[in-house]
Amino acid sequence: MFPSTTRSEFLSFLEKETLRIDSLIEGAVEVAEEVHAGVRREDGESSFLETHTWPVTMEVVAHYRAANRSITGVEVASAILHDVMEDDERILDFYAAKSYGFDAYLAYRFGSRVQEIASELKVKPLDNFAGKTEADRQAARFSGYCDLLVGAEYDVKAIKLADRLNNMAFIKKVPAHDKVRRYMREAEDFYLAYAMLTPKMPDFYKKIRQSYEDLRSIKQAVTA
């Protein structure tokens, strides 16, 4: 797992991995910086870009290299932009693009595949799901998201596992946060098994398993 990383360190990493910093990657970095500027993590201090966006993308690149799979600017840009749909209103304001929508903007600027990946990875609003209680709606949303991921293509799966790994590793810094329990439950219910479904990604399984064990130890210490 990659530590907090500055923009320049991130770009240097890509260059060392013999990835050309083309207009697609440059554009993705620009949009990510605009969307996530000033956003902090659960500790209220850490930069979202430096502790999530750049490290997740680096994790995806490292996975592709370890798996001996080719990776292009499309996969890298998709990893960089994997969370932008969560803040689409903000980016719409930046570009005055409300007349045709953020999905169309992404497809126009980065191509249909980058837009499709961002859309697939977006967690839908809770109000979209039926249920008598909030817990019921959360369960329905998680179930539907799992169904989507099981049928997802390789690039979507790799980005999502890198995203979840990063979130689990970071939340260890905030042991009293309610996401500790949630991430443990979702790892047990889905993500550990998901990593070993075809196409298998054992590198992610090993890292997520370790993060799960770390969270379990933290939970036991907090409740002791």
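Going by the structure above, here's the rest.
Described in the following lines is the structure provided in the data block.

The rules behind the values
Residues numbered from 1 in each chain as written. Predicted model: local features only at pLDDT ≥ 70, side-chain atom pairs only at ≥ 80, totals over all residues. Heavy atoms only, no water. Salt bridge = Lys/Arg side-chain N within 4 Å of Asp/Glu carboxyl O. Buried < 20%, exposed > 50% of the residue type's maximum accessible area, 1.4 Å probe, protein only. Helix = DSSP H or I, 4+ residues; strand = E, 2+ residues; numbered from the N terminus. Contact = heavy atoms within 4.5 Å. Phe/Tyr/Trp six-rings, centres within 6.5 Å; stacked < 30°, edge-to-face > 60°. Lys NZ or Arg CZ within 6 Å of the ring centre and 35° of its normal. Polar contact = N/O pair within 3.5 Å; in protein donor to acceptor, adjacent residues only side chain to side chain. Expected span 1.5 Å × (residues − 1). Arc of directions from axis to C-beta.

1. Thoughts on the pattern of salt bridges
Okay, so step 1: All chains considered together, the criterion is met by 16 salt bridges.
Okay, so step 2: We note a salt bridge from Arg113 to Glu120, for which the minimum N-O separation is 3.9 Å.
Okay, so step 3: In this structure Glu120 comes out as partly exposed when scored by relative accessible area, which is 23%.
Okay, so step 4: Salt bridges here are not isolated pairs; linked through shared partners, they connect Arg113, Glu116, Glu120, Glu153 and Asp155.

2. Points about helix H4 (residues 73-80)
Okay, so step 1: Where burial is concerned, most of H4 is hidden: 7 out of the 8 residues are buried.
Okay, so step 2: For H4, the set of buried residues is Gly73, Glu75, Val76, Ala77, Ser78, Ala79 and Ile80.
Okay, so step 3: Packed against the buried residues of H4 are helix H1 (7-16), helix H2 (23-36), helix H3 (48-66), helix H7 (112-121) and helix H9 (154-171).

3. Description of the packing of aromatic side chains
Okay, so step 1: The tally for this structure, following the rule as stated, stands at 6 aromatic pairs.
Okay, so step 2: Consider the rings of Phe142 and Phe190, whose centres lie 6.4 Å apart with planes at 85 degrees: the pair is edge-to-face. Taken together, the residues Phe142 in helix H8 (residues 134-150) and Phe190 in helix H10 (residues 179-196) connect sequence positions 48 residues apart.
Okay, so step 3: Ring geometry for Phe190 and Tyr194: centres 4.8 Å apart, planes at 20 degrees, overall stacked. Taken together, the residues Phe190 and Tyr194, both in helix H10 and 4 residues apart, mark about one turn of the helix.
Okay, so step 4: The exposure class of Tyr194 is buried, given its relative accessible area of 1%.
Okay, so step 5: The rings of Phe142, Phe190, Tyr191 and Tyr194 are connected pair by pair, giving a single aromatic cluster.
Okay, so step 6: In this structure, Arg41 is placed above the aromatic ring of Phe170, and the distance from its NZ or CZ to the ring centre is 4.1 Å.

4. Observations concerning the side chain of Arg113
Okay, so step 1: Relative to the elements of secondary structure, Arg113 occurs in helix H7.
Okay, so step 2: Within polar-contact distance, the side chain of Arg113 engages the side chain of Glu116 at 3.1 Å.
Okay, so step 3: The residues contacting Arg113, other than those within four sequence positions of it, are Val74, Glu120, Glu153, Asp155 and Val156.

5. Quick look at helix H11 (residues 202-223)
Okay, so step 1: Its 22 residues give H11 an end-to-end C-alpha distance of 31 Å, which sits within 8% of 32 Å, the value for a rise of 1.5 Å per residue.
Okay, so step 2: Of all the residues in H11, the buried ones are Phe204, Ile208, Ser211, Tyr212, Leu215 and Ile218. Across the axial projection of H11, the buried residues extend over an arc of 125 degrees, all falling on one side. The outward face of H11, more than 90 degrees from its buried face, is lined by the exposed residues Lys206, Gln220 and Ala221.

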